[in-house]
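The lines below spell out each chain.
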Amino acid sequence: MAQLISLGSLTAPTTAESMREALKDGGCSSSSCGSSDTANDLPPELWDRIKDHPCYSEEAHHYFARMHVAVAPACNIQCNYCNRKYDCANESRPGVVSEKLTPDQALRKVIAVANEVPQFSVLGIAGPGDACYDWRKTKATFELVSGEIPDVKLCISSNGLALPDHVDEIAAMNIDHVTLTINMVDPEVGTKIYPWIFYKNKRWTGIDAARILHERQMESLDLLAARKILVKVNSVMIPGINDEHLIEVNRVVKEKGAFLHNIMPLISDPAHGTHFGLTGQRGPTAMELKALQDQLSDGTKLMRHCRQCRADAVGLLGEDRGQEFTMDQVGEDVVYDPSKREAYREIVAVERGEHVAKRKEADAELKAMGETGSVLIAVATKGGGRINQHFGHAKEFQVYEASAKGIEFIGHRKVEQYCEGGWGEDATLDGVIEALDGIDVVLCAKIGDCPKDSLTAAGIAATDDHAYDWIEAGIAAWYAARYGVEPAQLSA
Ligand code: CLF
Ligand code: SF4
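Residues numbered from 1 in each chain as written. Chains lettered and ligands numbered in written order. Predicted model: local features only at pLDDT ≥ 70, side-chain atom pairs only at ≥ 80, totals over all residues. Heavy atoms only, no water.

Some points on the side chain of Gln 281
- Mapped onto the elements, Gln 281 comes out in the loop between α9 (275–279) and α10 (286–295).
- A polar side-chain atom of Gln 281 sits 2.9 Å from the main-chain carbonyl oxygen of Pro 239.
- Once residues lying within four places of it in the same chain are set aside, the contact partners of Gln 281 are Ile 238, Pro 239, Ile 241, Leu 266, Ser 268 and Phe 276. (Helix = DSSP H or I, 4+ residues; strand = E, 2+ residues; numbered from the N terminus. Polar contact = N/O pair within 3.5 Å; in protein donor to acceptor, adjacent residues only side chain to side chain. Contact = heavy atoms within 4.5 Å.)

Considerations on the sheet that holds strand β15 (residues 396–403)
- Within the open sheet, the five strands sit side by side as β16-β15-β14-β19-β20. Their pairing is mixed. Two strands lie at the open edges of the sheet, namely β16 (406–414) and β20 (461–463), each paired on one side alone. Looking at each pair of strands side by side, their axes are set apart by 25° on average, direction ignored.
- Summarising the sheet, β15 and β16 pair through eight bridges and their orientation is antiparallel. Opposite Glu 396, over in β16, you have Lys 414 as the bridge partner.
- Together, β15 and β16 form the strand contacts of helix α11 (residues 339–368), whose direction differs from that of β16 by roughly 115°. (Pairing = 2+ DSSP bridges. Axes fitted to C-alpha atoms, helices over the stretch in contact; angles between N-to-C directions.)

Regarding the sheet that holds strand β9 (residues 202–205)
- Strand order across the open sheet formed by three strands is β4-β8-β9, with antiparallel pairing between neighbours. Strands at the two margins of the open sheet, each flanked by one partner only, are β4 (77–78) and β9.
- Bridge count between strand β8 (residues 196–199) and β9: four bridges; the pairing is antiparallel. Bridge pairing links Ile 197 to Trp 204 in β9.
- Against the sheet, helix α7 (residues 206–226) touches β4, β8 and β9, its axis set at about 105° to β9.

Written out as structure tokens, the structure is:
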């Protein structure tokens, strides 16, 4: 009997053949994403450090998963986009409460996930407060987990205020990935984002608070760079407050050695009870976010595949399996079994190599076409790098830009699933079309005439001609047809 292994939402046999088939059909429920790194773009030593980290490598997030454990509820600052009743908005979607864990509970949960989610590669602590301020619990959790699962990558997210106090321990514990949320490099801008901070046993407000936070964040960047720890900077884009200023933030963090810059849209809703939500501060539109990212594309490498996940998220970035691993479902005496993770890695290594080759081939095809046009393509995918999801089943679309410069992932658009139980609601379809604003074509595994006609009427083409192709290969074929070039001609 073939051994069964869980691949995201799938259960599939571990034979190479069947695993490959499972991946083709969406064994990974995430898909392509941000920066266009591959093994060949980076020095081998650097690639080795990020190749299994779904946030630090666009390519890796097709195949590898993170989990967060919510062991750090305390925070030392107040952000105007955060309500303490909810998770940290720096690294998670506000409006969802996490199950707070002790380090011992966290260890049991990590083992349960490692036994069931073969893609699991990174353990992150992203709140729900600040991982460095609540350091005792962060450290205890990492020590327990790395004792049991030595190959797991450790990752933290922090506002930076308390980080300098722990940077040597961070380095000594081999925490190789640190995210700092930096929304400003000008304290005047900071006064509009942070009403207070708690520092040296005292509450600070106004410009003093913003200045101290800024200085500690800059110090954190320097200290981490000196220890060669990979730093990702997250910035929340707040229209009218720091949107234009983020260009300067990008310049500064690049200068200080940040590896990635992740611009996240402000999520603001009165229902979350945040200052920005209650005062009507809006978040950016998808096109405003893209316009800013495009301005920064020559700066520090950008992450564009962030899903603003919860502080207790589990799984590939496009999914959250946290509800499968609540403490009431995790056993008391759970024992780590590495077999599924090991089997998965062996098979994925082969599949992944093929995907990288196809991406490069498709990219070269577009470049060979010379001056053509620039188009935005939304792809329905369950992951594994393929166009493998029906239009009506998509909860998000991956967005790519294709032009004479090649194919670049530029983000995702979340939508309400249009088709439930075989039926589609017109109102839901209207919402999907609205979310696809600016998109030229949708590529999916299957689409019916009705939604296709509605999309066409809205000026968006849609096709399932490239079903189950590699995403980039499907895009290249569609693009070549649009501009009247046969792909075969290109490689001739
Ligand atoms: Fe978690 Fe963050 Fe580490 Fe990733 S998430 S602590 S770097 S392991 Fe990733 Fe989630 Fe975006 Fe964060 S998609 S919110 S960037
Ligand atoms: Fe909230 Fe995170 Fe800001 Fe603290 S750092 S106030 S937890 S968003």
